[in-house]
Amino acid sequence: MGEGIGARVLRKEDQRFITGKGRYTDDISERDMTHGVFVRSPHAHARIRSIDASEAKNVPGFVGIVTGQDLIDGAIGNIICGWMIYSKDGSAMKAAPWKVMDPEIVRHVGQPVAFVVAETRAAAVDAAEAVTVDYEELPALTNFHHALDPGAVEVHPEAPGNLICDWQLGDEAATDDAFAKAAHVVELDLEQNRLVPNAIEPRAAIASYNVAEEHYTLNTTSQNPHVARLCLSAFYNVAPEHKLRVIAPDVGGGFGSKIYIYPEEITCLFAARVLERPVKWVADRSESFLTDAHGRDHKTKAKLALDADLKFTGLKVETIANIGAYMSLFSSATPTYLYATLLSGQYTTPNIYCNVKLVYSHTTPVDAYRGAGRPEATFVVERIVEAAARKLGVDPIELRRKNFIREFPYQTPVLMAYDPTDFDALVEKGLAHADHAGFPARRAEAERRGKLRGMGFSCYIEACGLAPSKAVGQLGGGVGQWESAEVRVNPVGTIEILTGSHSHGQGHETTFAQVVADRLGVPVGNVAIVHGDTDKIQFGMGSYGSRSGPVGMGAIARALDKVEAKAKVIAGHLMEADPSDIVIENGELKVAGTDRKLGWHEMTLAAYTAHNLPDGIEPGLTEKAFYDPANFTFPAGCFVCEVEIDPDTGITRVVRFVAVDDFGVIVNPNVVEGQVHGGLAQGIGQALYEGAYYDDAGQLLTGSYMDYCLPRADDLPSFSLDHVETPNPNNPLGVKGCGEAGAIGAPAAVINAVTDALRTEAMTMPATPEKVWRAVQAMRAPIAAE
Amino acid sequence: MYATNYAKATSLEDAVAKLKSSEDGKFLGGGQTLLATMKQRLAAPTDIIDVTKIPELQGISVEGGKVVIGAATTHSQVAASKEIASAIPALAELAGTIGDPAVRNMGTMGGVLANNDPAADYPAAALALDATIMTTRGEHAAADYFTGIFETALEEDEIITKIAYTIPKKAAYEKFRNPASRYSLCSVFVALLDDGPRVTVTGSGNDGVFRVTEMEEALKANWSPDAVRSIAIDPATMLADIHGSAEYRAHLVPVLAARAVAKAG
Amino acid sequence: MSEVKLTVNGRAVTRDVEDRTLLVTLLREHLGLTGTHVGCDTSQCGACTVHIDGHAVKSCTVLAAQVDGSEVVTIEGLADGASLHPMQEAFRTHHGLQCGFCTPGMIMMGIDIVQRHSSLDEETIRKELEGNICRCTGYHNIVKAIKAAADDMAVGTPSMAAE
Ligand SMILES: Cc1cc2nc3c(=O)[nH]c(=O)nc-3n(C[C@H](O)[C@H](O)[C@H](O)COP(=O)(O)OP(=O)(O)OC[C@H]3O[C@@H](n4cnc5c(N)ncnc54)[C@H](O)[C@@H]3O)c2cc1C
Ligand code: FES
Ligand code: FES
């Protein structure tokens, strides 16, 4: 194995991070740099009567101010939603314009109103505070549960009644028919709590403008610098692509929140040109809470139909999804195509129908956050399956086993075609690691100590690497979903991989190099990964949706195919052998069955000296690939969670968490396990700790770590992980993707465990101590006569 | 943070003089509340006068049934002090629950008591252990010192120098953390003093830290967890926020009190 | 303005700074030591943790002037040339970091924890990490790394050279 695929190679990037030599956006300074601070709306809904900056201009160090009107006058375009969806009546979604800084109206607390630039950050804060904005406060709709009420305050005139889209998927008539014929029907009301992504590095941008060349540079915290440049250029009208370089240096986590191009980055670029000086903006955490796209926020009614044999015959799901005040880039796709398409779960449910109403509210925009749609789908499926088992008095695992899909490829009634996975094997391992058999004894022991124990399961399946581009386009996606790679072999044999994927913690500098090492036998240390700079690399789509593995590495594999082919031609020529007889092993090119061989570097040097190349072969050794996968990949797993509840305080502790996943081929177990750990923490966070709340006036009550409960080390257990490896037949490397699985599967497992302990289905996330305590009271109360 | 002037006071007189000559000055302890608030621009003192190096504010000693702690003593020092651990282990333990290790390395006992955050921990110990808060203007009995949320008997220019805690026969602290901030959501200190039991609650009272005399009476008759477990607290006296309703907090008090009694032994 | 004299990573430095200058600002902006990060504005995340006179402190909640005369060690001051501190080595070996943003604070706090405890179990480590937030790792490997480093530091293993 060495350093190739499957090896626990230590991360190359760590050396700089552990020594404080990382280079994040805020670590960068430009000569003559200024600092910008946004004036933000304190109101959830208000008309702007006037903006008075006269006082601000007197603040020492003041450099300039940009208002929304300046942006409009400068022909800066509106922020786009990148995925068109249609209502069931065929009408297009009603997306209202999102002006970068609306000069007339604000629709959520924290919406930027003006950008003040000064010599220092402190001066910019002083000057921003001196700007007086006269607001006419308007009534606000902050609770999306009331968005569709008759007479509800309207967020945008373009979306009457706040309804953006009344979307559906699946066959409603057939599903209704299944319910009509069902032996059992189980219903469940569910909520997806609103989450704030909270990458620990806050968003930041440094924009600079070179007047002589009319050229912009933007250093920013982006998961996908090329997409950022494309939007900035094609839609926001900042500059044509060749006049705009976007660099995403080291980025401190993303989880979706750094996919989008927000008003702040656009405004920084504009200000840099107007002021002809570099402008730096760094969000403080409070700003991140108010402006980074939030996640989830659904309200759902689900029902499951079963026949007398307990086979699932129908699933009907009705969801209201809160989009916030504006439609962010993937906001339309997240609660629709990334959600309803996974409602089949691991089961053979033949009839599925899902209706989603996307609504506006006067809150921060909501978009994809780690998992994006799939945690929501998994929560619906795995909660209702567990609830059904309890209601019908069957073992939850037996009920699942009765309904598992076992024949592949499997076409679900909601668009997806699953490739092979062994759900039984996942469950078997999950139960073994969780010591399922020992649970009754542990529960009894806990009871003796006055504690309640519960065990919950989550058998999730998810989809990574949206694909193929053609299908994505047919479903309304605005961009392709391929990835690019260039393999640049240098004359001395070292290699640079230029990838369109972006690492903000995923470890690409190591894992991508392992793919090369595996193929060519060169040491990982001889492979450099170049990413995150539109001037250095070809167009790429960036990293989100667990796409770096299946799609990003896929592109590298395809480019390596070409490198390998050419290398064999050159080596064959040099060794007077047929290229098809050349094998590449341990950094050498060998003629199979002989002792003739050539060092990798000898071949590469030959490629570049070009003194002795076969006819028709170009000098050099650099190959590119744009890889467009044939299908999504479908990681799946079985999570088992065991909780212990203190009934007197309601405090719930996760005492055991087992995650068994099938990610296909695993390139680096360390990195994959790390991804799972992080995902689980976010999933457990969603289930037990995290929740963003607004008051009726639209103020975010959880606007800092004082109130938004981000899981700490002592909130979590150590995790127990295992894998089943079913190589993905559609992927050049057999990988499936692992970045979101933990966050996708965990919430259902935790809540299933909590509700198991509490013997109730009525528990919303996060299951806070008070909610759990109240459920304990309800459980212990004498049952009232009905 | 707004512009401000920083000065290190060398003596009590120096500190008071500096404060008096400032336009709108404030004393600075470890800064774990004041600087945090100034960073948010929620406080804007023209001058901050660091009192942590003043000799009178240093030291830990055990004298005449009291543990006397300098106001500049950090939470870490209290948590690690052998004298305190042997005289009032519950106090050392309480100090170890404040914030996190880095906060404890800077935050001071004087700062906490001067600030009187309704979710702070020391007030529960001070009130339960009949502490005397010694200042540049004299002494305050804890019972008269905490006058409301973020309110104390201190004058603007009054510096806490030392805090003297009565050594109890036994005592214990049960902290229920706000899951997000880790301050107290509802925490109970119980102590058995020579003149009887004490039960105090922090984090929950809508008037700040308070004593639960009914529980004290019950414990006087019968020092056992059962004595306090069924004594109800009126939710109308409790704070409420997204982390816990008044009813929930009221429920927690007897639960935690019983645990504290059990822990105290 | 105050004149602040500090020893930072063994080097004596003197700077004239506004009184309101936080230590983290002095480190990052005046001394270019950008390894110390800022992840929040409520003194909670711990990304800014440094050592002042040997103790972990949140450099975002202390004024430079306040610690005048102190000895400050930041993440940049831990390695001895090419030879990493055992805590750094342990984070790398145990994959205790992903995006790396919380890492400097975690490593500085990890050292502080080990210095204060003669023996460390998982529960203690988790408790002691209360003031350091990581969004990437789920803490699993951070806890493992600190435990491993504690064992290393306890037996006095010389810090391993970087590979
Ligand atoms: C992340 C975090 C978590 C925390 N968690 C907790 C917790 O769980 N429990 C808890 O109790 N606290 C908690 N705190 C607060 C912490 O304990 C602070 O140390 C304390 O509130 C203030 O002490 P200080 O020495 O830092 O005072 P400063 O912040 O310097 O000052 C606070 C106030 O006290 C005044 N003051 C300071 N010293 C004196 C004195 N000697 N005489 C008169 N006035 C003085 C100041 O003028 C100021 O008004 C937390 C703080 C942070 C940042
Ligand atoms: S930046 Fe200092 S604690 Fe967050
Ligand atoms: S490694 Fe990213 S926050 Fe910890």
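Because the structure is a prediction, the values reported are computed rather than measured.

(A) Summary view of the overall build of chain B. Counting its secondary structure elements, chain B contains twelve helices and 14 strands. Relative to the compact-globule value of 18 Å for 265 residues, chain B shows a C-alpha radius of gyration of 18 Å, a close match. In terms of overall dimensions, chain B has a C-alpha envelope of 55 × 45 × 30 Å along the principal axes. Buried positions account for 63% of the 265 residues belonging to chain B. For chain B, restricting intrachain contacts to residue pairs at least 6 apart in sequence, the fraction spanning at least 24 positions comes to 60%.

(B) Region of interest: the overall build of chain A. Per the secondary structure count, chain A includes 19 helices and 29 strands. A globule of 786 residues ought to have a C-alpha radius of gyration of about 28 Å, and chain A, at 27 Å, matches this closely. Counting over 786 residues, chain A shows a buried share of 66%. Counted over contacts in chain A with a minimum sequence separation of 6, partners at least 24 positions apart contribute 80%. Here chain A has roughly 25500 Å² of accessible surface; of this, 51% comes from carbon and sulfur atoms. Across chain A, the centroid of the 71 positively charged side chains sits 2 Å from that of the 101 negatively charged ones.

(C) Expanded view of the interface of chain A and chain C. Taken together, the contacts link 52 residues of chain A with 44 residues of chain C. For chain A, the biggest contributors to the area lost against chain C are Ile18, Ile200 and Arg712 of chain A; these three give 17% of the whole. Run the count over chain A and chain C and you get four salt bridges. For the salt bridge of Glu690 of chain A with Arg135 of chain C, the shortest nitrogen-to-oxygen distance reads 2.7 Å.

(D) The side chain of Arg453 of chain A, seen in detail. You can see Arg453 of chain A is positioned in strand S19 (residues 452-461). Residues within four places of Arg453 of chain A in sequence aside, it is in contact with Phe439, Arg442, Arg443, Ala446, Glu642, Val643, Glu644, Val655, Asp756 and Ala757 of chain A.

(E) A look at the site of ligand 1. What surrounds ligand 1 is a group of 32 residues, the closest being Phe27, Gly29, Thr33, Leu34 and Thr108 of chain B. The environment around ligand 1 is built from residues contributed by chains B and C. Backbone polar atom of Gly30 of chain B to an oxygen atom of ligand 1: 2.7 Å apart, as the coordinates give it. Interatomic distance of 3.1 Å between a backbone N/O atom of Arg182 of chain B and an oxygen atom of ligand 1. Compared with its free state, where it exposes 970 Å², ligand 1 has 96% of that area covered by protein.

(F) Geometry of the interface of chain B and chain C. Tallying the contact residues gives 31 residues for chain B and 25 residues for chain C. Of all residues in chain B, the largest losses of buried area upon contact with chain C belong to Tyr6, Lys39 and Pro101 of chain B, amounting jointly to 24% of the total for that side. Across the contact surface, chain B and chain C share three salt bridges. Between Arg182 of chain B and Glu130 of chain C there is a salt bridge, and its shortest N-O distance comes to 2.9 Å. For the side of chain B that touches chain C, the elements supplying multiple residues, two or more each, are strand S1 (5-8), helix H2 (34-39), strand S3 (47-50) and helix H6 (101-106) of chain B. Of all the elements, H6 of chain B adds the most residues to the side of chain B that touches chain C, at six residues. Residue composition of the side of chain B that touches chain C, grouped by class: 13 nonpolar, ten polar and eight charged.

(G) View of empty space enclosed by the protein. All names here are of chain A. The full count for this structure, using the stated rule, is twelve cavities of 30 Å³ or more. By volume, the largest cavity is sized at about 720 Å³. If you list the elements that add at least two residues to the lining of the largest cavity, you get helix H14 (508-520), helix H15 (548-574) and helix H17 (669-689). Approximately 140 Å³ is the volume attributed to the second largest cavity. Along the wall of the second largest cavity there are 20 residues; nearest its centre are Trp98, Tyr262, Pro263, Thr291 and Pro365. Classifying every residue of the lining of the second largest cavity gives twelve nonpolar, five polar and three charged.

(H) Structural view of the sheet that holds strand S5 (residues 71-73) of chain C. All names here are of chain C. Spatially, S2-S1-S5-S3-S4 is the arrangement adopted by the five strands of the open sheet, whose pairing is mixed. Two strands in the sheet have a free side with no partner beyond their single neighbour: strand S2 (11-17) and strand S4 (55-58). For this sheet, the mean inter-axis angle between neighbouring strands, taken without regard to orientation, is 40°. The sheet contact formed by strand S3 (residues 49-52) and S5 spans two bridges and is antiparallel. Counted as the bridge partner of Ile52 is Val72 from S5. Sheet strands in contact with helix H1 (residues 23-30) are strand S1 (2-8), S2, S3 and S5, and its direction is about 105° off that of S2. Running at roughly 40° to S3, helix H3 (residues 103-116) makes contact with S3, S4 and S5 of the sheet.

(I) The arrangement of unusual backbone geometry in detail. The amide bond that connects Phe408 of chain A to the next residue, Pro409 of chain A, takes the cis arrangement and shows omega of -10°. When you line up the elements, Pro409 of chain A lands in the loop between helix H10 (396-403) and strand S17 (410-411). Going from Met765 of chain A to Pro766 of chain A, the amide bond is cis rather than trans, its omega being -10°. Within the fold, Pro766 of chain A resides in the loop between helix H18 (741-758) and helix H19 (769-780). One non-glycine residue, Glu276 of chain A, adopts positive backbone phi at about 55°. Summarising the element assignment, Glu276 of chain A is placed in the loop between helix H7 (263-275) and strand S12 (279-282). Positive phi outside glycine occurs at Ser43 of chain C, with the angle close to 65°. Examined against the element boundaries, Ser43 of chain C turns out to sit in the loop between H1 and S3.

(J) Seen up close, a nonpolar patch on the surface. Together, Tyr693 and Leu701 of chain A together with Ile242 of chain B line one region of the surface with nonpolar side chains, adding up to about 230 Å² of accessible area. Of note, Tyr693 of chain A is situated in the loop between H17 and strand S29 (720-723).

Cut-offs applied
Residues numbered from 1 in each chain as written. Chains lettered and ligands numbered in written order. Predicted model: local features only at pLDDT ≥ 70, side-chain atom pairs only at ≥ 80, totals over all residues. Heavy atoms only, no water. Helix = DSSP H or I, 4+ residues; strand = E, 2+ residues; numbered from the N terminus. Rg over C-alpha atoms; globule rule 2.2 N^0.38 Å. Buried < 20%, exposed > 50% of the residue type's maximum accessible area, 1.4 Å probe, protein only. Contact = heavy atoms within 4.5 Å. Areas by Shrake-Rupley, 256 points an atom, 1.4 Å probe, with all protein chains shown as cover. Lys, Arg positive; Asp, Glu negative; His and termini not counted. Charge placed at Lys NZ, Arg CZ, Asp CG, Glu CD. Buried area = accessible area lost by both parts, 1.4 Å probe. Salt bridge = Lys/Arg side-chain N within 4 Å of Asp/Glu carboxyl O. Near = heavy atom within 4 Å. Polar contact = N/O pair within 3.5 Å; in protein donor to acceptor, adjacent residues only side chain to side chain. Nonpolar A, V, L, I, M, F, W, Y, C, P; charged D, E, K, R; others polar. 1 Å grid on protein atoms, 1.4 Å probe; cavity = no way out; pocket = protein on both sides within 12 Å on 5 of 7 lines; lining within 4 Å. Points joined across faces, edges and corners; volume = space filled by probe spheres on them. Pairing = 2+ DSSP bridges. Axes fitted to C-alpha atoms, helices over the stretch in contact; angles between N-to-C directions. Patch = residues over 30% accessible without salt bridge, like charges linked within 9 Å, V, L, I, M, F, W, Y side chains within 5 Å.

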